[in-house]
Amino acid sequence: MLKAGIVGLPNVGKSTLFNALTLSSNAQSANYPFCTIEPNVGVVTVPDERLYKLKDLVKTETVIPTAIEFVDIAGLVKGASKGEGLGNQFLHNIREVDAIIQVVRCFDDANTIHVNGKIDPIDDIETINTELALADISSLENRLKRIAKQVKAGDKDAVLENSIIERLMTYLEKGVFVNIKEIFNEEELKLLHHFHLLMTKPVIYCANVSENELATGNDYVERVKEYAKKNNAEVVMICAQIEAELVSLGKEEAENYLKELGVTSSGIEKMIKSAYDILNLQTYITAGEKEVRAWTITKGTKAPAAAGVIHTDFEKGFIKAEVVSYNDFIAAGSWAGAREKGVARLEGKDYIVQDGDIMLFRFNN
């Protein structure tokens, strides 16, 4: 399951957003720093209307969407990498996530204290980035010390690791997130995976605005977008307070409320979509009388590996996959209809699964 960590300085709307994400009030939300003492974890289903249309066609009562696990991590402050503000504990929690969602305050409110006494989203972003980078540098410096003897002795693996670390250091010292796929080859990336570095994770900047600026944005948001563009990051504009209010509304009521605000979808939906995009993910679907279910895979995944997401035996014994595109399945009305119309096809081991494919796997036990 995809895991995303929500980070940010104190009082930027982080825990309010988490409450809305998980449809709960598990994260205490208060107007003072460090109100979240332990990381809160919530599992959120990914909105996908396709599943419910398929549910009626295949006549099942069970729909299982794919999901994202969100971790709400206590507010970081300057000095977190050295233990300030309970920082070390929470930096460890961030290492375990696939992507980082950094909530950035982009609203003015004299009643809500800012930890730095001013509203400056870029300064906030750079404060957190600096702390994450310093934590990574410290971790890598320790690793260099541990492999120093092997490097001196000419150990091939140690020499490679030493080279990777030295190259990484030049980026980390700039305090910006590192797109490692553009810098390192496949062999080096495998080694990097074990480092669990913070600054190599994909990042989404979540610009938290006031209700009356949700449709239009503001100068703070524009500055965040400009910064993100330079650093290959995503930006999603949300109003955490509105998202929290939407939780108590029915679907139709929530849609009408958003229309009144001049927006077409919730910030949470946009954020989940951005998380999928930035991690290069997509879903395929299995649809039968037992259940309709979405499965998450990386774009470019071939059929056997996609089958392995359901069970490793499916991948090992893979023979063929019967595939129908979502639109063709809806038009045909059923598996039988898809076969009659000739839109159901058998695909082999080299087939690259597409988003929304409806799939049946044939495999040897």
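The rules behind these values
By convention here, each chain's residues receive numbers from 1 onward along its written sequence. Selection of residues for local features in this predicted model requires a pLDDT of at least 70, selection of side-chain atom pairs for listing and counting requires 80 or more, and totals for whole chains, interfaces and linings are taken over all residues. In computing side-chain values, all of the structure's heavy atoms are included and hydrogens and water are not. What we call a nonpolar core is a set of buried Ala, Val, Leu, Ile, Met, Phe, Trp, Tyr and Cys residues that are connected through their side-chain atoms within 4.5 Å. For every residue, the accessible area (1.4 Å probe, protein chains only) is compared with the maximum for its type, and the residue is labelled buried under 20%, exposed over 50%, or partly exposed between those bounds. Secondary structure elements are taken from DSSP: a helix is a run of H or I of four residues or more, a strand is a run of E of two residues or more, and numbering for both begins at the N terminus. Residue contacts are defined here by distance: any two heavy atoms, one from each residue, within 4.5 Å place the two residues in contact. With a 1 Å grid laid over protein atoms only, a set of points is called a cavity when a 1.4 Å probe fits there but cannot get out and a pocket when it is open yet has protein on both sides within 12 Å along at least five of seven lines; lining residues have an atom within 4 Å of a point. Grid points are joined across faces, edges and corners, and a volume is the space filled by probe spheres set on the points. When residue character is reported, Ala, Val, Leu, Ile, Met, Phe, Trp, Tyr, Cys and Pro are called nonpolar, Asp, Glu, Lys and Arg charged, and the others, Gly included, polar. Only residues whose relative accessible area exceeds 30% and that form no salt bridge enter a patch; like-charged residues are grouped when within 9 Å of one another, and nonpolar side chains (Val, Leu, Ile, Met, Phe, Trp, Tyr) when within 5 Å. Method for areas: the Shrake-Rupley scheme with a 1.4 Å probe, in which residue coverage is limited to the protein chains shown. Whenever Lys or Arg places a side-chain nitrogen within 4 Å of a carboxyl oxygen from Asp or Glu, that contact is recorded as a salt bridge. We count Lys and Arg on the positive side and Asp and Glu on the negative side, and we leave His and both chain ends out. Lysine's charge is taken at NZ, arginine's at CZ, aspartate's at CG and glutamate's at CD.

## Structural notes on the nonpolar core
Then step 1. Ranked by internal contacts, the top residues of the largest apolar core, which has 77 residues, are Leu17, Ile68, Phe70, Leu168 and Tyr205.
Then step 2. Per element, the largest residue contribution to this core is eight residues, and it comes from helix H4 (residues 121-152).
Then step 3. Not counting chain neighbours up to four residues away, the residues in contact with Phe70 comprise Ala4, Ile6, Phe18, Leu21, Asn40, Val41, Gly42, Val44, Ile101, Met271 and Ile272.
Then step 4. Listed in part, the 16 residues of the second largest apolar core include Leu51, Val63, Phe329 and Ala332.

## Let's talk about the environment of Glu96
Then step 1. Residue placement: Glu96 occurs in the loop between helix H3 (87-95) and strand E5 (99-105).
Then step 2. The exposure class of Glu96 is partly exposed, given its relative accessible area of 45%.

## Here we look at empty space enclosed by the protein
Then step 1. In total, this model carries one cavity of 30 Å³ or more according to the counting rule given.
Then step 2. If you add up the space inside the largest cavity, you get close to 40 Å³.
Then step 3. Along the walls of the largest cavity sit Leu214, Met237, Glu243, Leu258, Val263, Ser265, Ser266, Gly267 and Lys270, which together make up its complete lining.
Then step 4. Split by residue class, the lining of the largest cavity holds four nonpolar, three polar and two charged.

## Re a negative patch on the surface
Then step 1. Taken together, the side chains of Glu252, Glu253, Glu255 and Glu269 present a region of like negative charge at the surface.
Then step 2. When residues of the negative patch are assigned to their parent elements, the largest contribution, three residues, is made by helix H9 (residues 251-261).
Then step 3. Note on placement: Glu253 falls in helix H9.

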